[in-house]
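Read off the chains here:
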Amino acid sequence: MQPVIHELFPTPLFESRIQVQQQWVDVVKNVPYERGYDPNWTSVTKEILQLPELHDLNQEITGAAGYFAYNGLGVAPNIEVYISRSWSVKHNPCDRAAKHCHSNSIWSGIYYMTVTPESGDVLFDKGNFYPNCFLPTIDPDCFENEFTRRQWRYTPSTGSLLIFPSQLLHDVLPNESSIDRYCIAFDIFIRGEFGFANGNGIRIN
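Residues numbered from 1 in each chain as written. Predicted model: local features only at pLDDT ≥ 70, side-chain atom pairs only at ≥ 80, totals over all residues. Heavy atoms only, no water.

K.L.:
Got a sec to walk through the sheet that holds strand S5 (residues 97-100)? Specific residues and values, please.
P.N.:
Read from one edge of the open sheet, 4 strands run S5-S10-S7-S8, paired in antiparallel fashion. Every interior strand has two partners, whereas the edge strands, S5 and strand S8 (151-154), have only one. Between one strand and the next, the sheet's axes are offset by a mean angle of 15 degrees, whatever the strand orientation. Sheet topology places strand S7 (residues 122-125) next to S8; 4 bridges connect them, and they run antiparallel. Within S8, the residue paired with phenylalanine 124 across the bridge is tryptophan 152. (Pairing = 2+ DSSP bridges. Helix = DSSP H or I, 4+ residues; strand = E, 2+ residues; numbered from the N terminus. Axes fitted to C-alpha atoms, helices over the stretch in contact; angles between N-to-C directions.)

Below, the structure written as structure tokens:
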């Protein structure tokens, strides 16, 4: 038998595209912002996708999240997937986002509205205690491959959409372009009845 290495329990990352509409960009550029410590700017509202002007975008992203959950992950169709929080992010030249993850959500995502190849890649980080291969107790030198890779780097383009588990560490490299970089970040939660077949049921409204 030819030797084979199986990839067990991979981390799913959903990628798709939504054509950007200029009216969406205008809304995102004109909402009030506050300066963060990363440094970058985030919208004051944490429900930006609830704005009437972004209704169509909300529907598009919700549909993509449903496809990821139901078709990709096999989530039962009686469970509702919905966007629980959403905010816009503005990166001036040289702005970045520090390594972080999202709490009180199941999946998180980013929709890129105005970016260039120099606007700053997003880096997904395995973290020190993800137990798929090596832990810090014994950490041998090795050439990185799909099993030992510590980071995964993604260069977004205008219209890119990513959805990933909220606990996945990620950061954004500095904006090396001369234009502001705009995107919408969001968190996803679920509601309904689930787990009753296994004796550990819960209802979340």
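K.L.:
Report on the pattern of salt bridges, specifying residues and quantitative values.
P.N.:
All chains considered together, the criterion is met by 9 salt bridges. The salt bridge partner of glutamate 34 is lysine 46, with a shortest N-O separation of 3.7 Å. Highlighted residues: glutamate 34 in strand S2 (residues 33-35) and lysine 46 in the loop between strand S3 (41-43) and helix H2 (55-72), separated in sequence by 12 residues. Overall, glutamate 34 belongs to the partly exposed group, its relative accessible area being 39%. For lysine 46, a relative accessible area of 31% gives the class partly exposed. Between aspartate 121 and arginine 153 there is a salt bridge, with the nearest N and O atoms lying 2.6 Å from each other. With aspartate 121 in the loop between strand S6 (107-114) and S7 and arginine 153 in strand S8, this pair connects stretches of sequence that are 32 residues apart. For arginine 153, a relative accessible area of 54% gives the class exposed. (Salt bridge = Lys/Arg side-chain N within 4 Å of Asp/Glu carboxyl O. Buried < 20%, exposed > 50% of the residue type's maximum accessible area, 1.4 Å probe, protein only.)

K.L.:
Mind laying out the nonpolar core, listing which residues take part and the relevant values?
P.N.:
As a rule of thumb, soluble globular proteins bury nonpolar side chains together. Core analysis: the biggest nonpolar cluster contains 32 residues, and Ile61, Trp107 and Tyr111 have the highest contact counts within it. Residue assignment for this core shows that the elements contributing at least two residues are helix H1 (22-30), H2, strand S4 (80-91), S6, strand S9 (160-165) and strand S11 (181-194). Among the elements that make up this core, the one with the highest residue count is H2 (6 residues). Once residues within four sequence positions are removed from consideration, isoleucine 61 is found in contact with Ile18, Leu49, Ile83, Tyr111, Leu161 and Phe186. One finds Val89, Val115, Leu162 and Cys183 within the second-largest nonpolar core, a separate group that totals 15 residues. (Core = buried A, V, L, I, M, F, W, Y, C linked by side-chain atoms within 4.5 Å. Contact = heavy atoms within 4.5 Å.)

K.L.:
Kindly report on the pairing of S9, identifying the contributing residues and their values.
P.N.:
Most of S9 is tucked away, with 6 of its 6 residues classed as buried. With 4 bridges joining them, strand S1 (residues 14-17) and S9 adopt antiparallel strand pairing. Opposite serine 16, over in S9, you have leucine 161 as the bridge partner.

K.L.:
Give me the environment of proline 12: which residues, what numbers.
P.N.:
When you line up the elements, proline 12 lands in the segment before S1. Residue proline 12 is classed as partly exposed on the basis of its relative accessible area, which comes to 29%. Along the chain, proline 12 and glycine 74 lie 62 residues apart, while their C-alpha atoms are 12 Å from each other. Leaving out residues up to four positions away in the same chain, proline 12 has contacts with Phe68, Leu73, Ile163, Phe164 and Pro165.

K.L.:
Kindly report on the packing of aromatic side chains, identifying the contributing residues and their values.
P.N.:
One pass over the full model with this rule turns up 7 aromatic pairs. Centroid distance phenylalanine 14 to tyrosine 67: 6.4 Å. Interplanar angle 50 degrees. Geometry classified as tilted. In this pair, phenylalanine 14 sits in strand S1 while tyrosine 67 sits in helix H2, placing the two residues 53 residues apart along the sequence. Both rings, one in tyrosine 33 and one in tyrosine 182, keep their centres 6.4 Å apart while their planes meet at 65 degrees; by these two values the pair is edge-to-face. Note that tyrosine 33 is positioned in strand S2 and tyrosine 182 in strand S11, a separation of 149 residues in sequence. Take tyrosine 182: its relative accessible area is 7%, and that puts it in the buried class. Cluster of aromatic residues (ring-pair linked, three or more members): Phe14, Tyr67, Phe68 and Trp107. (Phe/Tyr/Trp six-rings, centres within 6.5 Å; stacked < 30°, edge-to-face > 60°.)

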